[in-house]
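# Summary of the model geometry
For reference, the chains in residue letters:
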There are 2 protein chains.
Amino acid sequence: MKKIMNEPNQIVTEMLDGFVAAKPGKVKRIPDTTVVTRKDSPIQNKVGIVSGGGSGHEPAHAGYIGKGMLDAAVAGEVFTSPTPDQVLEAIKAVDGGAGVLLVIKNYTGDVMNFDMAAELAEAEGIDVAQVVVNDDVAIDDVDGRRGVAGTVFVHKIAGAKAEAGASLEEVKNAAEKVIANVRSMGVALSPCVMPASGKPSFELGDDEMEVGIGIHGEPGTERKTLGTADEIAVELTNHILEDLPEAEEIAVMVNGMGATPEMELNLVNRKVQEILQEKGVKTYKTFVGEYMTSLEMAGCSVTLLNLDDELKELLDSPSDAPALRV
Amino acid sequence: MKKIMNEPNQIVTEMLDGFVAAKPGKVKRIPDTTVVTRKDSPIQNKVGIVSGGGSGHEPAHAGYIGKGMLDAAVAGEVFTSPTPDQVLEAIKAVDGGAGVLLVIKNYTGDVMNFDMAAELAEAEGIDVAQVVVNDDVAIDDVDGRRGVAGTVFVHKIAGAKAEAGASLEEVKNAAEKVIANVRSMGVALSPCVMPASGKPSFELGDDEMEVGIGIHGEPGTERKTLGTADEIAVELTNHILEDLPEAEEIAVMVNGMGATPEMELNLVNRKVQEILQEKGVKTYKTFVGEYMTSLEMAGCSVTLLNLDDELKELLDSPSDAPALRV
């Protein structure tokens, strides 16, 4: 499989340079790090929001940097957690005296390295709070659930709360509320290819799909015969609804895994909305596009977020993060 | 190759339903047509902007419907021009008495069908103007140049001009100014697959790329050994600059063809910006993402638009079109 790239071992640093070169008025890269922040960071007396993780999930995470969303994103190597020293650089870069919230996806490496960075930052006198996103219902064991596309809703809500001037504890509480109310599940029609190895992450037949995939090219929890768009929507949505607390109003995200045409995402969305309508659940807002990808994997995930008045207001508040298509 | 779909012959209508279901407060579908318009259409005394073409280019064209951009998009079957009666429906739906501009991509079928629709609309007393976008410099003969990603800039500028209250002639002039100043060129690393046939549009070796592709899965004007990101950026940018009138300030679009990870688009953007800087051309604004695709083709295009003060102001004016990531 083919990629547009130069040296594989330079891919992350070159990607970050290319990203910043596109938005020089909005973002900056902290020299000699893999940290990108808002151009106006640190913002005095605003809680800073830091997220990140391995690369390969673009537009996550740097695409969510902007007013009302992230203050900084830390990029690791492809599908590899950033190191604690890089996360620490991000924390220091966005600390404006009101503390910093780390939005972490539930992977062992990320949790460990972000936690270590938090300790180092606290030792330097910075207040740090952490939340761990675990929205992937493909894994039955809640402790083992991965953070996937639902993370984008955490960025949005926490970012909006911080922008509104809330305290670190209030911002953390809003993020925790999202985490308690968001669930995702995905399917893959194709693997992805690590830039360094050039090898597909798994093999899949022409009539097969992987159900319950994560965002690191890993196989899913089950391999099935490729379903129609409607069947895929039913499978993902029903699985999520079984796990999600009942709600009257929700936000929907139909997320492409990297190589899926938007046409196909719209087909899935069509059926997801039908299912929700039949069940009497009202959709407040829908997001269709590529928000949290896995390199060039073909497939999609569905994310549902239960909303209350506070979350609706925070979801609606403006943000200029480039990847937040609304 | 695999797709998430139901019946191939229902793919366009289901896609449109899925699109509208995601944004019910912003857009509506004209019943029994493939026309999607702003929810508040027609807007009295504002010039209406209609674009469209074959499906398979998502987020084009419906994703550009919104305040300050398109009033309506007409979808044909995949890679097939919409029929004149459908275009006529769009014109009628958005006519608020100030006339309607058709933004047409330079393909024989589109030009013919939109023109026929314009005649039918004029017979019904609606003022219609037309512009034809031909930004693809891969074709030497200017008359034969296809309309590709540069069309998005025409949507943006014409839409902003119309939103500001300009007359049909003024809106057309602004669109023509973009067309005179915009150039694009693309490469493909893979073909795409028509939903009905399931067959790839061409075959390409593991170490090959097609240079000078359009957006309908056709092969390029030249087949070459797969280059690095830098080599691809140099090839596309230099080819464009040879053709583009000299300018001091430009807008850049690095567009994914459907299956290209954003990581790779950022690598290309990095080098495009380097080249422009070396040549002393100032980048005013950059767009990186999927704007005008060719189903699940892997590859990218580069678009450069020369700017003057009027175009800068119109490019900057706000729009809520969902696919306009800025």
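Here goes a summary of the coordinates provided. The structure presented is a predicted model; accordingly, all values stated were derived computationally and were not measured.

Scoring rules and cut-offs
- Residues numbered from 1 in each chain as written.
- Chains lettered and ligands numbered in written order.
- Predicted model: local features only at pLDDT ≥ 70, side-chain atom pairs only at ≥ 80, totals over all residues.
- Heavy atoms only, no water.
- Phe/Tyr/Trp six-rings, centres within 6.5 Å; stacked < 30°, edge-to-face > 60°.
- Buried < 20%, exposed > 50% of the residue type's maximum accessible area, 1.4 Å probe, protein only.
- Helix = DSSP H or I, 4+ residues; strand = E, 2+ residues; numbered from the N terminus.
- Axes fitted to C-alpha atoms, helices over the stretch in contact; angles between N-to-C directions.
- Parallel < 35°, antiparallel > 145°, perpendicular 65-115°, else oblique.
- Contact = heavy atoms within 4.5 Å.
- Nonpolar A, V, L, I, M, F, W, Y, C, P; charged D, E, K, R; others polar.
- Pairing = 2+ DSSP bridges.
- Least-squares fit on C-alpha atoms with pLDDT ≥ 70 in both.
- Patch = residues over 30% accessible without salt bridge, like charges linked within 9 Å, V, L, I, M, F, W, Y side chains within 5 Å.
- Areas by Shrake-Rupley, 256 points an atom, 1.4 Å probe, with all protein chains shown as cover.
- Salt bridge = Lys/Arg side-chain N within 4 Å of Asp/Glu carboxyl O.
- Lys, Arg positive; Asp, Glu negative; His and termini not counted.
- Charge placed at Lys NZ, Arg CZ, Asp CG, Glu CD.

Turning to the packing of aromatic side chains, a few remarks are in order. Applying the stated criterion across every chain yields a total of four aromatic pairs over all chains. Between Phe287(A) and Tyr291(A), the aromatic rings sit 6.1 Å apart at their centres with planes inclined by 80 degrees, giving edge-to-face as the arrangement. Under the relative-accessibility criterion, Phe287(A) is labelled buried at 3%. Aromatic pair Phe153(B) and Phe287(B): ring centres 5.4 Å apart, planes at 75 degrees, arrangement edge-to-face. Of the two residues, Phe153(B) is situated in helix H4 (residues 151–163) and Phe287(B) in strand S11 (residues 282–289); the sequence distance between them amounts to 134 residues.

Residues and elements named next belong to chain A. Following both chains from N to C, one finds helix H4 (residues 151–163) and helix H8 (residues 309–316) inclined at 90 degrees, their axes separated by 8 Å at the closest point. Overall, the two elements H4 and H8 adopt an arrangement that is roughly perpendicular. Taking contact as the criterion, the partners of Phe153, Lys156, Ile157, Ala160 and Lys161 in H4 are, on H8, Glu310, Leu311, Leu314 and Leu315. Here the contact of H4 with H8 is built from residues that sort into six nonpolar, no polar and three charged.

All names here are of chain B. With respect to topology, six strands assemble into an open sheet ordered S1-S2-S4-S3-S5-S6, the strand pairing being mixed. A strand with exactly one partner marks an edge of an open sheet, and here the two such strands are strand S1 (27–29) and strand S6 (128–133). On average, each strand axis in the sheet is tilted by 20 degrees relative to the strand beside it, whichever way the strands run. Relative to strand S2 (residues 35–38), S1 is paired through three bridges, and the arrangement is antiparallel. Counted as the bridge partner of Lys28 is Thr37 from S2.

Before going further, it helps to examine the relation of the copies chain A and chain B. In the superposition of chain A on chain B (RMSD 0.0 Å, axial shift 0.0 Å), the rotation amounts to 180 degrees. Expressed as a symmetry operation, the mapping of one chain copy onto the other fits a two-fold axis. In terms of C-alpha distance to the rotation axis, chain A has Ala259(A) as its closest residue, with the C-alpha 1.8 Å off the axis. Of the interface residues in chain A, 100% have counterparts in chain B that sit at the interface too, so the contact is made through matching surfaces.

This brings us to a negative patch on the surface. A surface patch of negative charge is lined by Asp115(A), Glu119(A), Glu122(A) and Asp127(A). Here Glu119(A) lies in helix H3 (residues 108–123).

As a further point, take the environment of Gly56(B). Tracing the backbone through its elements, the reader meets Gly56(B) in the loop between strand S3 (48–55) and strand S4 (72–78). By relative accessible area, which is 1% here, Gly56(B) ends up buried. Distance from Gly56(B) to Thr293(B), taken between C-alpha atoms, is 6.9 Å for residues 237 residues apart in sequence. Not counting residues within four places of it along the chain, the set of residues in contact with Gly56(B) comprises Met263(A), Phe79(B), Thr293(B), Ser294(B) and Leu295(B).

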